[in-house]
Structure formats: C-alpha cells, structure tokens
Amino acid sequence: IFGVSDGFQKLFDTGLLGAIITTIVASISWQLVASAFPIAFLSNPFTYIFLRICLVLEAIGICSGAWVLAAIHKKVAGFQRDEVYIGTAE
C-alpha cells in the first residue's frame with residue numbers, strides 16, 4: 001500500500017506496529033499528565049487508591065513473575081551457582 005517490499009507489507013498486515021504505537025501512546029499519556037499536573041493528578045481519589053494498590057503489590061512481590069519464571073527455568077535447565085562454572089574469586 002505504501003510502495004514497500006512484500007516483507008514490510010506482511011509486517012504492516014500483522015497489526016503489530018499499530019499495537020506497539022498504541023501501547024506507547026497509552027502508557028506515555030498518563031505519565032505526561034502526571035508530570036505536568038502532579039498535585040491535581042495525585043489529589044484524584046481514584047488515582048491515589050490505584051497508586052496505593054500498586055505500591056502494595058510491588059512491596060509484597062506478588063507481581064514479580066520474572067523470579068518465578070527464572071526459578072522454573074533454573075530447575076528445568078539444571079543451572080547451578082556461578083562458583084560451579086567459573087570458580088571463586090580467589
């Protein structure tokens with residue numbers, strides 16, 4: 001449609017670029033509003049409640065899915081501590 005190669009056209013047809021742009025715009029818009037009007041943004045009761053919920057979830061680590069995936073991958077792949085592979089610092 002834009003006179004690009006077939007490979008680029010297939011990439012356009014997937015809709016991935018639209019999803020990426022939408023994600024970037026949607027995530028940055030709230031950050032821009034919050035940085036421009038911090039008092040008004042935080043004085044909103046809904047924002048304050050959501051902020052507290054997010055901070056509690058961050059503090060307890062329930063959303064740290066990367067640690068869970070890393071532990072599973074360690075068991076499956078049979079990884080050992082670094083000292084086994086490279087030795088100690090001595």
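Heads up: the structure comes first, above all this text.
Residues numbered from 1 in each chain as written. Predicted model: local features only at pLDDT ≥ 70, side-chain atom pairs only at ≥ 80, totals over all residues. Heavy atoms only, no water.

### Some remarks on the overall build of the protein chain
Cut-off, in case you're wondering: Strands here mean DSSP runs of E at least two residues long; helices mean DSSP runs of H or I at least four residues long; both are numbered from the N terminus. The classification of residues rests on relative accessible area computed with a 1.4 Å probe and restricted to protein chains. Under 20% of the type maximum is buried, over 50% is exposed, and intermediate values are partly exposed. Note on areas: Shrake-Rupley, 1.4 Å probe, and residue coverage restricted to the protein chains presented here. Charge convention: Lys and Arg are scored as positive, Asp and Glu as negative, and His as well as the terminal groups of each chain are ignored. All charge positions are set by atom: Lys at NZ, Arg at CZ, Asp at CG, Glu at CD.
Within the protein chain, the regular secondary structure consists of 6 helices and 0 strands. Of the regular secondary structure in the protein chain, the N- to C-terminal order runs α-α-α-α-α-α. Considering only C-alpha atoms, the protein chain reaches an extent of 55 × 50 × 25 Å along its principal axes. Across the 90 residues in the protein chain, those meeting the buried criterion constitute 2%. Of the roughly 8200 Å² that the protein chain leaves accessible, carbon and sulfur atoms contribute 71%. For the protein chain, the centre of its 5 positive side-chain charges and the centre of its 6 negative side-chain charges are spaced 10 Å apart.

### Topic: the pattern of salt bridges
Put simply, the rule reads: For salt bridges, the criterion is a side-chain nitrogen of Lys or Arg within 4 Å of an Asp or Glu carboxyl oxygen.
Enumeration according to the criterion identifies 1 salt bridge in this entry. The shortest N-O distance in the salt bridge between Arg81 and Glu83 comes to 3.6 Å. For Glu83, a relative accessible area of 41% puts it in the partly exposed group.

### Focus on a nonpolar patch on the surface
Threshold: A patch is a set of surface residues, each over 30% in relative accessible area and not in a salt bridge, joined within 9 Å for like charges and within 5 Å for the nonpolar side chains Val, Leu, Ile, Met, Phe, Trp and Tyr.
Judged by side-chain polarity, Phe2, Val4, Phe8, Leu11, Phe12, Leu16, Leu17, Ile20, Ile24, Ile28 and Leu32 come together as a nonpolar surface patch covering roughly 990 Å² of accessible area. Contributing elements (two or more residues each) for the nonpolar patch: helix H1 (6-14) and helix H2 (16-36). With 6 residues, the top contributor of residues to the nonpolar patch is H2. Along the chain, Leu17 turns up in helix H2. Residue classification places Leu17 among the partly exposed residues on the basis of a relative accessible area of 34%.

### A word on the packing of aromatic side chains
Formally: Classification of ring pairs uses Phe, Tyr and Trp, with its six-membered ring standing for Trp, and accepts pairs whose centres are within 6.5 Å; under 30 degrees between planes counts as stacked, over 60 as edge-to-face, and the remaining range as tilted.
Per the counting criterion, the structure on display carries 1 aromatic pair. Ring centres of Trp30 and Phe41 lie 6.3 Å apart, and the angle between their planes is 50°; this geometry places the pair in the tilted category. With a gap of 11 residues between them, Trp30 in helix H2 and Phe41 in helix H3 (residues 38-43) connect regions that are remote in the sequence.

### Describing the environment of Val4
The following threshold applies: Contacts: residue pairs with any heavy atoms within 4.5 Å of one another.
Mapping Val4 onto the fold places it in the segment before H1. Beyond its immediate sequence surroundings of up to four residues, Val4 is in contact with Gln9 and Phe12.

### Remarks on the side chain of Thr47
With respect to the secondary-structure elements, Thr47 resides in helix H4 (residues 45-60). Those residues in contact with Thr47 that sit more than four places away from it in its chain are Phe41 and Leu42.

Bear in mind that shape data such as this cannot, by itself, settle questions of function.
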